[in-house]
Amino acid sequence: YQQRIYARRWNGSAWVEMGAGSATTVGIANEGDPDGAPSLVIGPDNVPVVAWRSGYRHPAFVQRWNGSAWVEVGAGLASRDDISGDQVISHPSLAIGPDGRLVIVWDENVDGSPEIYLLQWQGSAWVEMGANSASAHAGISSTGQADYPSLAVGPDGRPVVAWQDNSSGNWEIYVRRWNGSTWAEMGAGSASGGGISQNASNSQTPSLAIGPDGAVIVAWRDDYDYYISGIYVRRWNGSTWEEMGAGSASGVGISSGSGEHNLPSLVIGPDSVPVIAWADHFSGNIFLKRWDGSAWVEMGAGSASGGG
């Protein structure tokens, strides 16, 4: 059984390969092991970059498109080494800043407990961003079990990371932002105790995005009842994490009805309008809503109900 990383792009009329074999045989990885968890970003120079987790000891690899082929960002694939130090990693997440700086975050199993690690590309090597951002058995998280990171870089060039963390004994959503010298909380307790979720139920699988206006928004799955979960949303208003619409982080959240709503994916367009898609585990359908300025609404009749 082999999983591969495939890539296609839209040429205006069809989905075409990017380089010979990019969506056939071994794909863009070309390293012979089961691969998964791809993360794709496109920089201000319109160059796509892809990261993924290899099935071989689960390291992380990164490649970019040079116009004719997929090439490594830093040495690694040929030597079987990788940016994560050849450790067991999961859920790599890439982001590119307005200055073209490439940043990657992942969770890494350290002594049986995953922590959040982060590196930045400096043109010739992957280096830490702040002391011990990818070492010291803690990374940018601290203690407990931390995984499912989500990364974005704001228009000010500062990365922000959200992840799920059970340091408090309950799964909560934690957030930190790079302030130029260290990874700091965004508001008191954003990466300790109850985090930004602050409830008694399990809060997991965050998706973070930053708009062109600098607005930071986080969506996540929240298990508010037995075998029932909703999609919750909060945004940073400069001093606190507030709900985005009445009840966006309580009860059923922005999802509706019973079900196991999971794995939100949040994006913010150039018009600063957020859109969230998620899966409903019970029905197997994909649901979607956008923010209209005062409420989360469907994009087309039935986009977040029925068959989605």
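Everything in this summary refers to the structure shown in the same document.

### Comments concerning the overall build of the protein chain
Phase 1 of the analysis: Tallying secondary structure elements over the protein chain gives 0 helices and 22 strands in all.
Phase 2 of the analysis: Here the C-alpha atoms of the protein chain give a radius of gyration of 19 Å, agreeing with the 19 Å that 2.2 N^0.38 yields for 308 residues.
Phase 3 of the analysis: Across the 308 residues in the protein chain, those meeting the buried criterion constitute 49%.
Phase 4 of the analysis: Within the protein chain, residue pairs in contact and separated by at least 24 positions form 38% of the contacts whose partners lie at least 6 positions apart.
Phase 5 of the analysis: Accessible area of the protein chain: about 13400 Å², with a carbon and sulfur share of 49%.

### Some words on the nonpolar core
Phase 1 of the analysis: One finds V49, V62, L94, L102, I104 and W126 to be the most contacted residues of the largest nonpolar core, which totals 17 residues.
Phase 2 of the analysis: Those elements that provide at least two residues to this core are β4 (48-54), β5 (60-65), β7 (89-96), β8 (102-110) and β9 (113-121).
Phase 3 of the analysis: Looking at this core, the element that brings in the most residues is β8, giving 4 residues.

### Section: the environment of A29
Phase 1 of the analysis: Relative to the assigned elements, A29 resides in the loop between β2 (15-17) and β3 (35-42).
Phase 2 of the analysis: Taking relative accessible area as the criterion, A29 reaches 3% and is therefore assigned buried.
Phase 3 of the analysis: Here the alpha-carbon distance between A29 and N262, two residues 233 residues apart in the chain, equals 29 Å.

### Examining the pairing of strand β19 (residues 261-268)
The two faces of the sheet receive side chains in turn, since in a regular strand these alternate between them.
Phase 1 of the analysis: Across 6 bridges, β19 lies against strand β20 (residues 274-280) in antiparallel orientation. Each residue of the ladder has a partner; that of S265, found in β20, is A277.
Phase 2 of the analysis: The antiparallel hairpin formed by β19 and β20 contains 5 residues in its connecting segment, where S272 sits at a positive phi of about 70°.

### Observations regarding the sheet that holds β8
Phase 1 of the analysis: Read across the open sheet, the 4 strands follow the order β7-β8-β9-β10; overall the sheet is antiparallel. Two strands close off the open sheet at either side, each with one partner strand: β7 and β10 (126-128). Looking at each pair of strands side by side, their axes are set apart by 35° on average, direction ignored.
Phase 2 of the analysis: Across 6 bridges, the pairing between β7 and β8 is antiparallel. Looking at β8, one finds that I89 is bridged to E108.

### Quick notes on the packing of aromatic side chains
Phase 1 of the analysis: All told, the structure shown has 11 aromatic pairs when counted by the stated rule.
Phase 2 of the analysis: Taken together, a centroid distance of 6.3 Å and an interplanar angle of 70° make the contact between W106 and Y117 edge-to-face. Residue W106 is located in strand β8, and its partner Y117 is located in strand β9; the two are separated by 11 residues in the primary sequence.
Phase 3 of the analysis: Of the residues examined, W106 reaches a relative accessible area of 1% and is grouped as buried.
Phase 4 of the analysis: Overall, the relative accessible area of 4% leaves Y117 in the buried class.

### Focus on the sheet that holds strand β16 (residues 216-225)
Phase 1 of the analysis: Read from one edge to the other, the open sheet built from 4 strands follows the order β15-β16-β17-β18, with strand pairing classed as antiparallel. What marks the edges here is a single partner per strand, and that holds for β15 (202-210) and β18 (241-243). Adjacent strand axes in the sheet meet at a mean angle of 35° when their direction is disregarded.
Phase 2 of the analysis: Strand direction decides the pairing type here: β15 and β16, joined by 7 bridges, are antiparallel. Residue pairing in the sheet places I210 in a bridge with V216 of β16.

About the criteria used
- Residues numbered from 1 in each chain as written.
- Predicted model: local features only at pLDDT ≥ 70, side-chain atom pairs only at ≥ 80, totals over all residues.
- Heavy atoms only, no water.
- Helix = DSSP H or I, 4+ residues; strand = E, 2+ residues; numbered from the N terminus.
- Rg over C-alpha atoms; globule rule 2.2 N^0.38 Å.
- Buried < 20%, exposed > 50% of the residue type's maximum accessible area, 1.4 Å probe, protein only.
- Contact = heavy atoms within 4.5 Å.
- Areas by Shrake-Rupley, 256 points an atom, 1.4 Å probe, with all protein chains shown as cover.
- Core = buried A, V, L, I, M, F, W, Y, C linked by side-chain atoms within 4.5 Å.
- Pairing = 2+ DSSP bridges.
- Axes fitted to C-alpha atoms, helices over the stretch in contact; angles between N-to-C directions.
- Phe/Tyr/Trp six-rings, centres within 6.5 Å; stacked < 30°, edge-to-face > 60°.

Just distances and angles here, no functional claims.
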